[in-house]
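Structure at a glance
Residue-level listing of the chains:
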Amino acid sequence: MLLSLVLHTYSMRYLLPSVVLLGTAPTYVLAWGVWRLLSAFLPARFYQALDDRLYCVYQSMVLFFFENYTGVQILLYGDLPKNKENIIYLANHQSTVDWIVADILAIRQNALGHVRYVLKEGLKWLPLYGCYFAQHGGIYVKRSAKFNEKEMRNKLQSYVDTGTPMYLVIFPEGTRYNPEQTKVLSASQAFAAQRGLAVLKHVLTPRIKATHVAFDCMKNYLDAIYDVTVVYEGKDDGGQRRESPTMTEFLCKECPKIHIHIDRIDKKDVPEEQEHMRRWLHERFEIKDKMLIEFYESPDPERRKRFPGKSVNSKLSIKKTLPSMLILSGLTAGMLMTDAGRKLYVNTWIYGTLLGCLWVTIKA
């Protein structure tokens, strides 16, 4: 019985972060909504500047739980940019935690508020968040033949025209890699083989459309592309790769280390024509695949469970994250202490979600 209680308590480690992160969502959306109304008649750059600041506050709270609370060790390899840049961030995709890894890098460049995502279409229906991500600069895309290139181009061009800082996160594989989903991996490998491309083992064959459109629209605005390769250490079994941790598992501290390798690629080294870029992108994923094979399968124990080169153990100061958590939690607690506040809180969840769904439906 005691063992059962201990195991149950351990598995509930995700409860506090979940309650705080979801519980503060209406408070955050209310603050953003007020600013959206007040800035309606101001130039777009004024709205974007404060929205980026608000986003930084919320995401700092997210990182309080995903870094400081979990105690995960962040090991950085390769190029370690320290200054803000307008970039496209390309990474392997394997977990729901992947989008937080982009935040982990961005906060170390003081660019957390500039992070924007290319997201799969279905996420736009998330309560409160779905609409807000689009307002912050996220771009929802459909896969394959349903991809709306014109819509993505128009949105990106509007950001370039207003000088919006851009830390655009793209996962070119289009879906999460899971070594236990052999049918998905086999289909991806067959697709590559049919097109004369190298067959990949630890990543899926990357798709080119979103990356090409993003680069083509912003090539004169960008400083670089970050090619990022991520490994979550802790769930592999004797070198045998397993499914990466979910957010719940991560918050339960089942991932002691994240290995992050960054290649900073100057924009002049990226081919502009789509077919040439397709080859270039696949070659980048070949490099990722080779690093991951070495990480998981190297016969040399000194080269296993690490990326090539020197690693930097990067620890995030709690001073950067705790204030945001206390501010949003305090505002939410204050709202819930009065009848009027509780009513506003509940109405924000209900009507904010309904209005958000209506907005994304109209925009579809």
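Because the structure is predicted, anything quoted here is derived from the model rather than measured. (Residues numbered from 1 in each chain as written. Predicted model: local features only at pLDDT ≥ 70, side-chain atom pairs only at ≥ 80, totals over all residues. Heavy atoms only, no water.)

Below, the discussion takes up the overall build of the chain. When helices and strands are counted, the chain shows 13 helices and eight strands. For the C-alpha atoms alone, the extent of the chain along its principal axes is close to 65 × 60 × 40 Å. For the chain, the proportion of its 364 residues judged to be buried stands at 48%. Treating the 47 positive side-chain charges of the chain as one cloud and the 36 negative ones as another, the clouds have centres 5 Å apart. (Helix = DSSP H or I, 4+ residues; strand = E, 2+ residues; numbered from the N terminus. Buried < 20%, exposed > 50% of the residue type's maximum accessible area, 1.4 Å probe, protein only. Lys, Arg positive; Asp, Glu negative; His and termini not counted. Charge placed at Lys NZ, Arg CZ, Asp CG, Glu CD.)

With that settled, consider the packing of aromatic side chains. Evaluation of the coordinates by the stated rule reveals 16 aromatic pairs. Pairing Phe295 with Tyr296 gives two aromatic rings, centres 5.2 Å apart and planes at 70°, and the pair type is edge-to-face. Of the residues examined, Phe295 reaches a relative accessible area of 1% and is grouped as buried. One aromatic cluster is present, formed by Tyr28, Trp32, Tyr55, Tyr58, Tyr129, Tyr132 and Phe133 through successive ring pairs. Sitting above the plane of the Tyr69 ring, Lys253 keeps its charged end 5.0 Å from the centroid. The cationic tip of Lys288 hangs over the ring face of Phe285; the distance from NZ or CZ to the ring centre is 5.3 Å. (Phe/Tyr/Trp six-rings, centres within 6.5 Å; stacked < 30°, edge-to-face > 60°. Lys NZ or Arg CZ within 6 Å of the ring centre and 35° of its normal.)

Okay, helix H6 (residues 129-136) next. With eight of eight residues buried, H6 is to be regarded as a mostly interior element. Inspection of H6 places Tyr129, Gly130, Cys131, Tyr132, Phe133, Ala134, Gln135 and His136 among the buried residues, and these make up the whole buried set. Gly137 sits one or two positions beyond H6 and adopts a positive phi of about 125°.

Here we take up the pattern of salt bridges. Should the charged atoms of two oppositely charged side chains come close, the side chains can pair. Summed over all chains, the structure comprises 16 salt bridges. For Glu67, the salt bridge goes to Arg108, with nearest N and O atoms at 3.0 Å. Residue Glu67 is found in helix H4 (residues 44-69), and its partner Arg108 is found in the loop between helix H5 (98-107) and strand E3 (115-120); the two are separated by 41 residues along the sequence. Here the two residues Glu67 and Arg108 agree in accessibility, since each one is buried. With a closest N to O distance of 3.4 Å, Asp216 and Lys219 form a salt bridge. For Asp216, a relative accessible area of 25% corresponds to the partly exposed category. Put simply, Glu149, Arg153, Asp216, Lys219 and Glu272 are held in one network by salt bridges that share partners. (Salt bridge = Lys/Arg side-chain N within 4 Å of Asp/Glu carboxyl O.)

So, about the side chain of Asp103. Structurally, Asp103 is set in helix H5. For Asp103, which is buried and forms no salt bridge, the nearest opposite charge comes from Arg108, at a distance of 10.0 Å. Polar contacts involving the side chain of Asp103 include one to the side chain of Gln59, which spans 2.4 Å. Beyond its immediate chain neighbours, meaning those up to four positions away, Asp103 contacts Gln59, Leu63, Leu112, Val115 and Tyr117. (Polar contact = N/O pair within 3.5 Å; in protein donor to acceptor, adjacent residues only side chain to side chain. Contact = heavy atoms within 4.5 Å.)

In spatial order, the strands read E4-E3-E5-E2-E6-E7-E1-E8; together these eight strands make up an open sheet with mixed pairing. Unpaired on one side and paired on the other, strand E4 (139-141) and strand E8 (311-314) mark the two borders of the sheet. Put simply, the sheet's adjacent strands are angled 25° from each other on average, direction ignored. With six bridges joining them, strand E1 (residues 73-78) and strand E7 (residues 257-266) adopt parallel strand pairing. The partner of Ile74 across the bridge, within E7, is Ile258. Set on the sheet, helix H7 (residues 149-161) makes contact with E3, E4 and strand E5 (167-170); between it and E4 the angle comes to about 170°. Taken strand by strand, helix H9 (residues 209-218) contacts strand E2 (87-91), E3, E5 and strand E6 (224-233), and its axis lies near 160° from that of E5. (Pairing = 2+ DSSP bridges. Axes fitted to C-alpha atoms, helices over the stretch in contact; angles between N-to-C directions.)

Quick look at the layout of surface pockets now. As a volume, the second largest pocket reaches approximately 720 Å³. Taken together, 29 residues form the lining of the second largest pocket, with Ala134, Lys155, Tyr159, Trp359 and Lys363 sitting closest to its centre. The leading source of residues in the lining of the second largest pocket is H7, at five residues. Taken together, the residues of the lining of the second largest pocket sort by class into 13 nonpolar, eight polar and eight charged. (1 Å grid on protein atoms, 1.4 Å probe; cavity = no way out; pocket = protein on both sides within 12 Å on 5 of 7 lines; lining within 4 Å. Points joined across faces, edges and corners; volume = space filled by probe spheres on them. Nonpolar A, V, L, I, M, F, W, Y, C, P; charged D, E, K, R; others polar.)

Our focus in this paragraph is the UniProt feature "transmembrane region" (unreviewed entry) in the chain. What UniProt calls "transmembrane region" (unreviewed entry) maps, in this numbering, to residues 14-35 and 344-362. Segment residues 14-35 splits into 91% helix and 0% strand. End C-alpha atoms: 31 Å apart. The span residues 344-362 carries 100% helix and 0% strand; its end-to-end C-alpha distance comes to 25 Å. (UniProt positions renumbered as here; feature names shortened; annotations may be inferred.)

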